[in-house]
Amino acid sequence: MYRWVAIALLAAGISASCFWATSAQKEKNAVSIQAENHYQRAFHELTYNMDLLHEKVGTTLAMNSKERLSPQMLDIWRITSDAQGNLGQLPLALLPFNKTEEFLSKIGDFTYKTAARDLDKTPLTDQETQTLNGLYKQSKDLNNDLRKLQHKVLTENLSWLDADNSLASRNETMDNTIMDGFQTVEKKVTGYDEANTGTSLVNNASKEHSYKHIEGKKISEQQALKKVKRIIKDSDEKSYDIQKSGKGADVAAYNIVYQKGNRHANIDLTQTGGHPINILLDRPVPIKKISLNDGKIKAEKYLKDLEFQNMEAVTTAEYENTGVYTFLYKEDNVRIYSDTVQVKIALDNGEVLGLSARNYFMNHRDRTIKKPEISLEDAKDKVNPNLEIHADYLAVMDNELGKEVLCYEFLGTYQGITYRIFINASDGKEEKVERLEGTGSNI
Amino acid sequence: MLKRKIGFSIIILYFMMGGIQAALPAGEVQAFSAQVIHQGAVGDDVIELQTRLQYLGFYKGKVDGVFGWGTYWALRNFQEQFGMKPDGLAGPSTKAKLVKASKYNPQQSKPVQSANVPIGYSENDIRLLANAVHGEARGEPYVGQVAVAAVILNRVESPSFPNTISGVIFEPRAFTAVADGQIWLTPNEQSKKAVIDAINGWDPTGNAIYYFNPETATSKWIWSRPQIKTIGKHIFCK
């Protein structure tokens, strides 16, 4: 009798402790994932900060007017302090990491001082421009190394906790890529001791006009379906499913899903006028048979068929056997940056795989565009003289206040990088300077 | 001794002939494909274009097989100096003039992996986004994956969320795949494709900043958000 009771108690005890052990283990796992995520976030933010820093310093060098320069310096200062914050969260306390910090504080000091002073009265001296140039070069090299390390962290799933643990146990002979990577970065910065004290998506379209000017009659579900069948070029009723958008939608739309074999599509048509705001067709595109240029011709024809008029391709890019084209609307030879449309073409047979016309329908309307008040030559004088100008246009873009303004648009290069500069066509204000080169590959 | 010399000569002769044989097909290789090369293109034609423009001193950048702005201005300068209309397109006549004026040996060019990266994003940004999309929506239809990427980008734009990609992804309790570590699964090609579509402007959600799976959602609050639409298993909302 006692024996059975003892066995039962023991069994209960063992299973209870097993349960406790597994739940403790689970908890521990959850905590370490959280800690790891925290480190990962700080690290990826740091590399992003450094990327942005490099880009901003580059744009600063391409700028001319003082009104734009001061906010730019403030911006760099803010990013620098972000970067310092993120750096401080990384588990590097045991490493001599002060050189990178030093670089950040140098650039922070410089931009703070210049932003705080009245650049109208005391503009940047040649010495200061040189300093900025030096910082630009340093940030480029730092970036390259950081990006290489980031690439390794992402592709090899390196863990910061492991790096931290091996640091904590003071294991001298460790083989740790994260540590090695940071040591490389560190060496680079040290090499600069003598040297002295370098956006986010291009988006000139406003999102605030919110479909106020959409034209047309309200269409029924049946009419919407009919239109979509024409777009997808398949009249098989069974392959479609149609729903009305919910009350959170910016504009009332019909959401249509199409599915047949390995072809799967999603189409949004506005209920007013039946305009296509988003089309995405997914199917395999295994080979490339037609060129990016041929694809552009297909995209132009497609837009005409959908009754978009006066559209001009401004960017073209090839991704994995598909071509992606951004078009903007032109009115009397003025480029309207708010009214953009993207088209995606399969480069095997030229089929249209996608259309994104949200910006266009959000903003497009009849505009009365004034004549420019200053001449092209006057506008050119407002551009940084170091920039070599290759092309000019008239354009309407959204300025910082979200207002559409008529500008002269210049494309120019400085130190091998291409920039786009908008100069206000009525008062000559430098509205925007943006870098057109991507940050590039890391291999 | 003599025998050895003959032996050597035979070996040398053999190599020379081999060399000639190897050189012959290279001479016959057609320069460029028949396609018109447009800005934004990637691949062998672009590598040849850059190498030839570099040979003539017009192109000063890296031969990376991506037809970017640097290549564009170089090509226009070339067209201008050789009496053509500077349109920045490498068509038949431009290519013919280039071939005549410069040298190119495809065997000598190093193989490069060329890929476009949308402006404002690094390859690592794309990889991080692809990780998140794969962890969150790998069982979803393609459009559902583009949608998840679009929500992350919408959050970056939104004033109520962090303003960096990594900030949004690693925000505590924001994504379940981050909380349970699934984000560190290796993403497939499809999630990368979805990310690039989202970056290039496709937003199937219609500007949503939240989404949830109604079968597994535990929070009551999420049901109070104004819904926009359903894609796959996810409901997207404002």
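Residues numbered from 1 in each chain as written. Chains lettered and ligands numbered in written order. Predicted model: local features only at pLDDT ≥ 70, side-chain atom pairs only at ≥ 80, totals over all residues.

**Q** Please give an account of the overall build of chain B that cites residues and values.
**A** A count of helices and strands for chain B gives nine helices and three strands. Each helix and strand of chain B, ordered N terminal to C terminal, gives the series α-α-α-α-α-α-α-α-α-β-β-β. Across the 238 residues in chain B, those meeting the buried criterion constitute 47%. Counting only contacts in chain B whose residues sit at least 6 apart along the sequence, the fraction spanning at least 24 positions is 58%. (Helix = DSSP H or I, 4+ residues; strand = E, 2+ residues; numbered from the N terminus. Buried ≥ 20, exposed ≤ 12 C-beta atoms within 10 Å, placed from the backbone. Contact = placed C-beta atoms within 7 Å.)

**Q** Tell me about the sheet that holds strand β3 (residues 234-237) of chain B, and please be specific about residues and values.
**A** Residue and element names in this part refer to chain B. Taking strand neighbours across the sheet as the criterion, the three strands line up as β1-β3-β2 in an open arrangement whose pairing is antiparallel. Unpaired on one side and paired on the other, β1 (210-212) and β2 (227-231) mark the two borders of the sheet. Put simply, the sheet's adjacent strands are angled 25 degrees from each other on average, direction ignored. Examined bridge by bridge, β2 and β3 share four bridges and lie antiparallel to one another. Pairing of K229 across the sheet is with F236, part of β3. Lying on the sheet, helix α6 (residues 142-157) is in contact with β1, β2 and β3; it crosses β2 at an angle near 145 degrees. (Pairing = 2+ DSSP bridges. Axes fitted to C-alpha atoms, helices over the stretch in contact; angles between N-to-C directions.)

**Q** Please set out the packing of helix α5 (residues 123-137) of chain B against helix α9 (residues 189-199) of chain B residue by residue, giving values where relevant.
**A** Residue and element names in this part refer to chain B. The interhelical angle for the contact between α5 and α9, taken along N-to-C directions, is 115 degrees, at an axis separation of 8 Å. In terms of axis orientation, α5 runs roughly perpendicular to α9. Crossing hand, α5 versus α9: right-handed. Between α5 and α9, the residues in contact are I126, L129, A130, V133 and H134 and S191, K192, A194, V195 and I196, respectively. Classifying every residue of the contact of α5 with α9 gives seven nonpolar, two polar and one charged. (Parallel < 35°, antiparallel > 145°, perpendicular 65-115°, else oblique. Left-handed = near helix turned anticlockwise from the far one by under 90°. Nonpolar A, V, L, I, M, F, W, Y, C, P; charged D, E, K, R; others polar.)

**Q** Which residues make up the interface of chain A and chain B, and what values go with them?
**A** Every contact between the two is made by 59 residues of chain A and, on the other side, 58 residues of chain B. Those elements that provide at least two residues to the side of chain A that touches chain B are α1 (2-62), α4 (126-155), β3 (263-270), β4 (276-282), α8 (292-305), β5 (311-319) and β8 (352-356) of chain A. With nine residues, α1(A) is the largest single contributor of residues to the side of chain A that touches chain B. A breakdown of the residues in the side of chain A that touches chain B according to their chemical character gives 13 nonpolar, 33 polar and 13 charged.

**Q** If you had to explain the packing of α1(A) against helix α2 (residues 66-89) of chain A to someone new, which residues and values would you point to?
**A** All names here are of chain A. Between α1 and α2, the shortest axis-to-axis distance is 9 Å and the interhelical angle comes to 160 degrees. It follows from the interaxial angle that α1 and α2 lie roughly antiparallel. Two packed elements cross with a definite hand, and for α1 against α2 that hand is left-handed. For the pair α1 and α2, the contacting residues are A42, E45, L46, N49, M50, L52, L53, K56, V57 and T60 in the first and L69, Q72, D75, I76, I79, T80, D82, A83, N86, L87 and Q89 in the second. Grouping the constituent residues of the contact of α1 with α2 by class yields eleven nonpolar, six polar and four charged.

**Q** Explain the pairing of strand β12 (residues 430-435) of chain A to me, using residue names and the numbers behind them.
**A** All names here are of chain A. Here β12 lies mainly inside the structure; five of its six residues are buried. Note that strand β11 (residues 417-424) and β12 share five bridges and pair antiparallel. Bridging from a neighbouring strand, I423 pairs with E430 of β12. Counted between consecutive antiparallel strands, the loop separating β11 from β12 contains five residues, among which G428 sits at a positive phi close to 75 degrees.

**Q** Let's hear about the domain arrangement of chain A: which residues, and what values?
**A** Residue and element names in this part refer to chain A. Its domain assignment divides chain A into domain 1 (27-195), domain 2 (221-363) and domain 3 (376-435). Put simply, the middle of domain 2 and the middle of domain 3, counted by C-alpha atoms, are 31 Å apart. With six residues of domain 2 at the contact, the number on the domain 3 side is eight residues. Along the lines of polarity and charge, the residues of the side of domain 2 that touches domain 3 split into three nonpolar, two polar and one charged. (Domains from an automatic or database assignment.)

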